[in-house]
Amino acid sequence: MSLGEKLRKAMDKLQGSTSIDKETVKETIKELQRALIAANIEATTVLNLSKIIEERAFGEIKGNLSRREYVTKITYDALVEMLGTKKTPSDPKKILLCGLFGAGKTTAAGKLAHWYKKRGKKVGVICADTYRPAAFEQLQTNTKNAGAEFFGIKNEKNASKVVKEGLKQLKDCNLIICDSAGRSALDEELVTEIKEINDVFDADEKWLVIGADIGNLAKKQALAFNNAVGVNGVIITRMDGSSKGGGAIVACNETGASVYFISTGEKINDFEEFDSNRYLSRIMGYGDLEGLLEKAKEAEIENMDPEAMLSGNFNLKMFYQQLQATKKMGPLNKITEMLGMSVKIPKEMLEAGQEKMDSFKIIIDSMTEQERNEPELINRGRVERIAKGAGVKETDVRELIKQFKQMKKMLKKFKHIQSEKAMKNFGEKGISDLLRQMQGKKAAKKFRLR
Ligand SMILES: Nc1nc2c(ncn2[C@@H]2O[C@H](COP(=O)(O)OP(=O)(O)OP(=O)(O)O)[C@@H](O)[C@H]2O)c(=O)[nH]1
Ligand SMILES: [Mg+2]
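Residues numbered from 1 in each chain as written. Chains lettered and ligands numbered in written order. Predicted model: local features only at pLDDT ≥ 70, side-chain atom pairs only at ≥ 80, totals over all residues.

Novice: Just to check I follow, could you spell out the overall build of the protein for this structure?
Specialist: What the protein contains, in helices and strands, is 21 helices and eight strands. For the protein, buried positions account for 40% of its 450 residues. (Helix = DSSP H or I, 4+ residues; strand = E, 2+ residues; numbered from the N terminus. Buried ≥ 20, exposed ≤ 12 C-beta atoms within 10 Å, placed from the backbone.)

Novice: Teacher, can you tell me more about the pairing of strand E1 (residues 94–98) here?
Specialist: Of all five residues that make up E1, four are buried, and the element is covered over most of its length. Where E1 lies against strand E4 (residues 175–180), four bridges are found, and the strand directions are parallel. Of the residues in E4, the one forming a bridge with Leu96 is Cys178. Bridge analysis of E1 against strand E5 (residues 205–211) gives four bridges, and the strand direction is parallel. Paired with Leu96 across the strands is Lys206, a residue of E5. (Pairing = 2+ DSSP bridges.)

Novice: Would you mind going over the environment of Ser66 with me for this structure?
Specialist: In this fold, Ser66 is placed in the loop between helix H3 (43–57) and helix H4 (67–83). Taking the C-beta count within 10 Å as the criterion, Ser66 has 11 such neighbours and is therefore assigned exposed. Distance from Ser66 to Ile20, taken between C-alpha atoms, is 9.7 Å for residues 46 residues apart in sequence.

Novice: Can you help me understand the sheet that holds strand E3 (residues 149–151) in this one?
Specialist: Whether parallel or antiparallel, the strands of a sheet pair through hydrogen bonds between backbone atoms. Spatial ordering of the open sheet is given by E3-E2-E4-E1-E5-E6-E7-E8, a layout of eight strands whose pairing is mixed. Lying at the two open borders of the sheet, with one neighbouring strand each, are E3 and strand E8 (271–273). This sheet shows a mean twist of 25 degrees between the axes of neighbouring strands, independent of strand direction. In terms of strand pairing, strand E2 (residues 123–128) meets E4 through six bridges, oriented parallel. Residue pairing for E4: Ala128 is matched across the bridge by Ser180. Of the strands in this sheet, E1, E2 and E4 are in contact with helix H8 (residues 188–201), which crosses E1 at around 175 degrees. (Axes fitted to C-alpha atoms, helices over the stretch in contact; angles between N-to-C directions. Contact = placed C-beta atoms within 7 Å.)

Novice: How should the environment of Ile283 be read in this particular structure?
Specialist: Position of Ile283 among the secondary structure elements: in helix H11 (residues 276–283). In the structure, Ile283 is positioned 279 residues away from Gly4 in sequence and 4.5 Å away in space, judged by C-alpha atoms. When near neighbours in sequence (up to four residues on either side) are disregarded, Ile283 contacts Ser2, Leu3, Gly4 and Gly246.

Novice: Can you walk me through the environment of Thr24 in this structure?
Specialist: Along the chain, Thr24 turns up in helix H2 (residues 22–38). Filtering out sequence-adjacent residues up to four positions away, Thr24 remains in contact with Leu14 and Ser17.

Novice: What is the right way to look at helix H19 (residues 380–390) in this model?
Specialist: Residues spaced three or four apart along an α-helix point in a common direction, a consequence of the helix completing one turn every 3.6 residues. Here H19 has its buried residues at Arg385, Ile386, Gly389 and Ala390. Within H19, the buried residues cover an arc of 125 degrees as seen down the axis, which keeps them to one side. Turned more than 90 degrees away from the buried face of H19, the exposed residues are Arg380 and Gly381. (Arc of directions from axis to C-beta.)

Novice: Is there a simple way to think about the packing of helix H5 (residues 105–118) against helix H6 (residues 135–146) in this case?
Specialist: A packed helix pair is summarised by two numbers, namely the angle formed by the two axes and the spacing between the axes. Two elements in contact, H5 and H6, have axes whose closest approach is 8 Å; the angle formed by their N-to-C orientations is 20 degrees. As far as their axial angle goes, H6 and H5 are roughly parallel. Seen from above, H5 lies across H6 with right-handed handedness. On H6, the residues that touch Thr106, Thr107, Ala109, Gly110, Ala113, His114 and Lys117 of H5 are Ala135, Gln138, Leu139, Asn142, Thr143, Asn145 and Ala146. (Parallel < 35°, antiparallel > 145°, perpendicular 65-115°, else oblique. Left-handed = near helix turned anticlockwise from the far one by under 90°.)

Novice: Looking at this structure, I do not really get the packing of helix H9 (residues 218–229) against helix H10 (residues 245–254). What am I missing?
Specialist: Look at H9 against H10: their axes get within 8 Å of each other, and the N-to-C directions meet at 35 degrees. Judged by the twist between their axes, the crossing of H9 over H10 is right-handed. Two secondary-structure elements touch here, H9 through Ala218, Lys219 and Ala222 and H10 through Ala248, Ala251, Cys252 and Glu254. Each residue belonging to the contact of H9 with H10 can be placed in one class, and the counts come to five nonpolar, no polar and two charged. (Nonpolar A, V, L, I, M, F, W, Y, C, P; charged D, E, K, R; others polar.)

Novice: Would you take a moment to explain the nonpolar core for this structure?
Specialist: Side chains of nonpolar character tend, in soluble globular proteins, to be buried together. Membership of the largest hydrophobic core comes to 91 residues, with the highest contact counts inside it found for Leu97, Ile126, Ile177, Cys178, Leu208, Val234 and Ile236. With seven residues, H4 is the single largest residue contributor to this core. Each of domain 1 (3–85 + 286–293) and domain 2 (94–273) accounts for three or more of the residues forming this core. Residues Met318, Phe360, Ile364 and Phe404 belong to the second largest nonpolar core, which totals 15 residues. (Core = buried A, V, L, I, M, F, W, Y, C linked by C-beta atoms within 7 Å. Domains from an automatic or database assignment.)

Novice: Is there a simple way to think about unusual backbone geometry in this case?
Specialist: For residues that are not glycine, phi is negative in most cases, and the peptide bond is trans in most cases. The phi dihedral of Asn40 falls on the positive side, at around 60 degrees, and the residue is not glycine. Position of Asn40 among the secondary structure elements: in the loop between H2 and H3. On the basis of neighbour count, Asn40 is assigned to the partly exposed category, with 16 C-beta atoms found within 10 Å. Look at Asn155: it is not a glycine, yet its phi comes out positive at around 70 degrees. By secondary structure assignment, the location of Asn155 is in the loop between E3 and helix H7 (159–169). The exposed category is assigned to Asn155, around which 7 C-beta atoms lie within 10 Å.

Novice: Explain the confidence of the model for the protein to me, please; I cannot follow it from the model alone.
Specialist: Should the pLDDT be low somewhere, the predicted coordinates at that spot are not to be read in detail. Across the protein, the average pLDDT comes to 81, with 77% of residues at or above 70. Taken as a whole, residues 329–344 scores under 50 in pLDDT and shows 26 contacts with residues more than four places along the chain or in a different chain. Below a pLDDT of 50 lies the segment residues 420–450, which in the model reaches 36 contacts outside its immediate sequence neighbourhood of four places, other chains included. (pLDDT = per-residue confidence, 0-100.)

Novice: So what exactly am I meant to see when it comes to the pairing of E2 here?
Specialist: Remember that side chains alternate between the two faces of the sheet whenever the strand is regular. Taking burial as the measure, the six residues of E2 include six buried ones, the bulk of the element. Here E2 shows a buried face lined by Val123, Val125 and Cys127 and a second buried face lined by Gly124, Ile126 and Ala128.

Novice: How should I be thinking about H11 in this particular structure?
Specialist: Among all positions in H11, only Ser276, Tyr279 and Leu280 are buried. Looking straight down H11, one finds that the buried residues subtend no more than 95 degrees of arc, so they occupy a single side. Structural note: H11 exposes Arg278 and Arg282 on the side pointing more than 90 degrees away from its buried face. Of the residues trailing H11, Gly285 is marked for its positive phi of about 60 degrees.

Structure, rendered in structure tokens:
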């Protein structure tokens, strides 16, 4: 039985029991532990996961979920966390690929070049493998297939020299990928070479390429390469052939180096961004969980904290949530209306169709975490990059930012008026009643405690 099937079996235990009590949760955890230990996942990680589930299982349920749905959801979330939730960097400048013999570095270099090129980057690839005779031609072909620029010096033995020259030749590229040579083990020779390359190349991203078949041994390798050059990301290859992929992913995540991509075959398109949620639902065959997760997400929106929105830290994530909530129940409009205030939500915002909402979501997803939190950083260059990444027009990105700014301005006004006028018109109880109606008890209670 694969890891996915075993995890599924543990979750089914939860679904099959008549009531959810401490005993059921304990049984589920035990089953999960068996599945994870059998996949050679480290005991500390397994215990950590068990503790998280135990602690959260009887917490306060948000929204309209049953206890069974709630425990399923927190268990699923804990597994997703274990697999890592860091997003693939959207704007890397230089990526150094390292790894042992035959791990799939040269193949991954071409796939990465293709992946980022499709997202609007001008990509160059340097062949710093001066060790294996056919490396030059192999990488040159892969790069050509990706539609990226290639640099290498045939018969040159000094890898650092190639990198130095490559950086000069590819200076017009906004992403440079460097493929390095592999060895059968991380020996002194390889460490010295990769360190030298790293010094000259000065990469912002240093990614280890490993095959899924090594399972939890991935941890040892990730730590060793981390010692040599400071690995911050991982590409796991041969996910098509192995059942140990889960072990390798968890093992890398334990070292703090997140899995960014998985490779599922030899062809250029057999490559995807790693998404722990998607991965987990796939290995567990959990299509039916989608509905539940969607329901939980809606509950989160309904539980949005109005105070956080008014705190001045309003950002694009909250904007998106608010747009969804506004569409559903129009809460802000209702408040402003009832308070007799002149601030109104722009009509186009309320009338945004589902298509627009989806496009806003893709645009926000294409931003970096920093951009989502500090949208004022988004200048012309960034607009261009985000639009390319999201596959939309630049005017769409600008429209989103415009609407965000309008809402932020409105919230500022609202905060100002809220304290003076609201009290006069409604009194404290009136407002908390209104908030309770719209956002649930918690928000109302918070308001009263102000
Ligand atoms: N099935 C499968 N094969 C892969 C995958 N990735 C790479 N390969 C194959 O694995 C072999 C080795 O891949 P390379 O990209 O040359 O590996 P490398 O790390 O550059 O190897 P060295 O440069 O010799 O260290 C090739 O035959 C690839 O086609 C994958 O995800 N799945
Ligand atoms: Mg190679």
